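# Notes for the structure review
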Amino acid sequence: MTDFDAESFLKQLTTRPGVYQMYGADAELLYVGKARNLKARVSSYFRASGLTTKTMALVARIRDIQVTVTSTEVDALLLEHNLIKSHRPPYNILLRDDKSYPYIYLSTDDEFPRLSLHRGRKRRKGSYFGPYPSASSVRESLHFLQKVFRVRQCEDSFFRNRSRPCLQHQIDRCTAPCVNLVSAEAYAEQVQNTALFLGGKSQELLVRLADDMEQAAAALEYEKAAVYRDQISQLQHVQASQGIEGASGELDILAVAVDGGRACVQVLFVRNAQVLGSKTWYPPLKLDETGAEVLAAFLPQFYLAGGRPIPGEIIVTDLPDDSEALAAALTHQAGRRVRIRANVRDARARWMQLARQTAETNLQSHLAGRQSTLERLQAIQELLDLPALPERMECFDISHSSGEATVASCVVFDQNGPRKSDYRRFNIDDITGGDDYAAMQQALERRYRRLKDGEGSLPDILFIDGGKGQVAQAMQVLEALQLNSIEVVGVAKGVTRKAGFETLIRGDTGRETRLRGDSPALHLIQSIRDEAHRFAITGHRARRDKARQRSSLEGIPGVGAKRRRELLRHFGSASGVANANVDELKKINGISATLAQQIYDHLHGSGQ
């Protein structure tokens, strides 16, 4: 494909709003942008001077530009968001984390309602408080509520089958409604207090608790008054630590810091005048974006991707140029008015300053970590005599219990650290139990056959958690697939099997190397190896537990869910079925003499 003729293209370009898509060689989509004036915006990429180095690199790769004209700037913003989400162009700022946020759920259809963590669609009856930035922040809040109000948090199945109080009652974290140690009225009062606190009505709750304390003291119920006193004290302590006095409503505060070619976006979540927590993102910058440009790209992906609640007010440290169009799009998405502001005062200004300082601090720490990673990568480059810094590294490990439920893990690291979206696990079957060589061969073949077919990127270095035999196995697989450009390194544990005594085995030469314990290269290799080991063990345990939970009655020909239910209902358990003879099995409704014999043979290993 020839170079792009920008002059001819710009002459006929419209001045209306729309979206432009920049393509490189082989029709690769490089970048998607929106514009209030397409001609003015696209022309800015081709001016004679004033372009940054990164923008010039993008322009040099352009072979074609396609535009889509829209009626309004809001339509252009929405279209841009959909295209970025669908195609994930390499030069756009991409937000990887799109998990749904957790809530605190308070059931209302029980005599003794329950508090719990909730994530996903709000299908059950009850009250939902949040969203919280992470599950850990929900657990911290639940722990506090458990100490103060002692509302139950146990599963319903556990609650309904208690005959005596559990440990939570003994350590004064629950009033034991399961065994009627608290009246429904007293429990309902604590549930109401919990809802008031979670709803941000702390002042109203404090007044109510103070009145209750005085009434209890006047009635000479001093122990009850002491409970109210302790609740007031704990709530006042939390209220003081929140420091959000003077703020109200639901709002998110977004601060951005840009330095060293990296960006940090800090999001502070405030709901009902309470700060529920904060979360940090480090969107990679492929162009030299300013803080306002980072937020212009970040905000649509953050709020329009679906699942994230949109507050009525969004406060930002750097106001994007298209903030009005973005606010209109968010208003349409939320079904109510949404404001985006940068000039705030009082409590909001204090929280914006806190978010800004946090973003700057986190970015500096992140850059320091990147510098440390760079030093480690340079040490690996020198160790393996590579022509350039390794951009992608993979590590494989095998995990099983005496040959049971074998799982192979593949973890991926790049120059930014773990790339968890590229992690893979492989359930290993059809091998002799405990044969790690065969397991490694199967996992490597499955992984690299797919990569060779274009399903992903090949690594620069392949680490194998194992000795010479495992390394030789890896070399055979790569040679058979004609993937000779991958550097293979085995990481063998020393005699003591302690960190720092590993031996590195080169796949191409078989040469063994033992690095000093303070080697930056060894530290990075250990981190990659340990992550592969953790990922393999987690997968193995999940597979093993799933297999052990499987009923021995499953897999019997002719015995489906209904007949299994009848068997279990009659004999009480799977072991009871196994202890039954053929005549006893025939008595079950729906089980013939032939099927009874088949069940008996299957459970006793006959005729297999």
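In this report, we go over the structure that sits alongside the text. (Residues numbered from 1 in each chain as written. Predicted model: local features only at pLDDT ≥ 70, side-chain atom pairs only at ≥ 80, totals over all residues. Heavy atoms only, no water.)

## With respect to the overall build of the protein chain
When helices and strands are tallied, the protein chain shows 20 helices and 19 strands. Oriented by its inertia axes, the alpha-carbon framework of the protein chain measures out at about 85 × 75 × 55 Å. The buried share of the protein chain, taken over its 608 residues, is 45%. When contacts within the protein chain are restricted to residue pairs at least 6 apart in sequence, those whose partners lie at least 24 apart make up 60%. Here the protein chain displays about 31,400 Å² of accessible surface, and carbon together with sulfur accounts for 46% of that area. Here the protein chain holds 81 positive side-chain charges and 73 negative ones, and the gap between their average locations is 3 Å. (Helix = DSSP H or I, 4+ residues; strand = E, 2+ residues; numbered from the N terminus. Buried < 20%, exposed > 50% of the residue type's maximum accessible area, 1.4 Å probe, protein only. Contact = heavy atoms within 4.5 Å. Areas by Shrake-Rupley, 256 points an atom, 1.4 Å probe, with all protein chains shown as cover. Lys, Arg positive; Asp, Glu negative; His and termini not counted. Charge placed at Lys NZ, Arg CZ, Asp CG, Glu CD.)

## Remarks on unusual backbone geometry
Positive phi, close to 60°, is recorded for Arg 150, a residue that is not glycine. Tracing the sequence through the fold places Arg 150 in the loop between helix 5 (135-148) and helix 6 (156-160).

## Some points on the nonpolar core
Nonpolar side chains tend to gather and get buried jointly when the protein is soluble and globular. Ranked by internal contacts, the top residues of the largest apolar core, which has 29 residues, are Leu 254, Phe 302, Ile 314 and Leu 330. Broken down by secondary-structure element, the contributors of at least two residues to this core are strand 7 (251-259), strand 8 (262-271), helix 11 (291-304), strand 10 (313-316) and helix 12 (323-334). Here the element with the most residues in this core is helix 11; it accounts for seven residues. With near-sequence residues (within four places) excluded, Leu 330 lies in contact with Tyr 303, Leu 304, Ile 310, Ile 314, Val 338 and Ile 340. With 28 residues, the next largest nonpolar core counts Leu 145, Ala 225, Tyr 228 and Leu 276 among its residues. (Core = buried A, V, L, I, M, F, W, Y, C linked by side-chain atoms within 4.5 Å.)

## Points about the side chain of Lys 34
Structurally, Lys 34 can be placed in strand 2 (residues 29-35). On the accessibility criterion, Lys 34 (16% relative accessible area) is buried. For Lys 34, the side chain forms a polar contact with the side chain of Glu 80, separated by 3.4 Å. Within the structure, Lys 34 has its side chain in polar contact with the side chain of Asp 322 (distance 2.8 Å). For Lys 34, the residues in contact, after removing those within four places along its chain, are Gly 18, Val 19, Tyr 20, Arg 41, Ala 76, Leu 77, Glu 80, Ala 296 and Asp 322. (Polar contact = N/O pair within 3.5 Å; in protein donor to acceptor, adjacent residues only side chain to side chain.)

## A few points about the packing of helix 4 (residues 73-87) against helix 12
Running from amino to carboxyl end, helix 4 crosses helix 12 at an angle of 70°, the nearest separation of the two axes being 9 Å. Of the possible angle classes, the one that applies to helix 4 and helix 12 is roughly perpendicular. Along the contact surface, helix 4 presents Glu 73, Val 74, Leu 77 and Leu 78, while helix 12 presents Ala 325, Leu 326, Ala 328 and Ala 329. (Axes fitted to C-alpha atoms, helices over the stretch in contact; angles between N-to-C directions. Parallel < 35°, antiparallel > 145°, perpendicular 65-115°, else oblique.)

## Comments concerning the environment of Asp 397
Along the chain, Asp 397 falls in strand 12 (residues 392-401). Along the sequence, Asp 397 and Asn 484 sit 87 residues apart, while their C-alpha atoms lie 21 Å from each other. There is a polar contact of 2.9 Å between the side chain of Asp 397 and the side chain of His 533.

## Details of the state of the cysteines
Under the defined criterion, the tally for this structure stands at zero disulfides. Lacking any disulfide linkage, Cys 174 is separated from the closest cysteine sulfur, that of Cys 166, by 5.8 Å. Cys 174 sits in the buried class, given a relative accessible area of 9%. (Disulfide = S-S within 2.5 Å.)

## Examining the sheet that holds strand 11 (residues 339-341)
Pairing within the open sheet is mixed, and its five strands lie in the order 9-8-7-10-11. Where the open sheet ends on each side, the last strands, each with one partner, are strand 9 (274-281) and strand 11. Strand after strand, the sheet turns through a mean of 20° between neighbouring axes, direction not considered. As paired strands, strand 7 and strand 10 are joined by four bridges and run parallel to one another. Residue pairing in the sheet places Leu 251 in a bridge with Glu 313 of strand 10. Packed on one face of the sheet, helix 13 (residues 346-384) meets strand 7, strand 8, strand 9, strand 10 and strand 11 and runs near 40° to strand 7. (Pairing = 2+ DSSP bridges.)

## A look at the sheet that holds strand 5 (residues 115-119)
The strand order across the open sheet built from three strands is 5-4-6, with neighbouring strands paired in antiparallel fashion. One side of each edge strand has no neighbouring strand; the edge strands of this open sheet are strand 5 and strand 6 (126-129). When strand polarity is set aside, the average angle formed by the axes of neighbouring strands in this sheet is 35°. Taken together, the four bridges between strand 4 (residues 102-107) and strand 6 define a ladder with antiparallel strand orientation. Considered in strand 6, the bridge of Ile 104 is made with Phe 129. Strand contacts of helix 5: strand 4 and strand 5, with the helix running at about 170° to strand 5, the strand carrying the most contacts. On top of the sheet, helix 8 (residues 184-198) reaches strand 4, strand 5 and strand 6; it is set at about 155° to strand 4, its chief contact.

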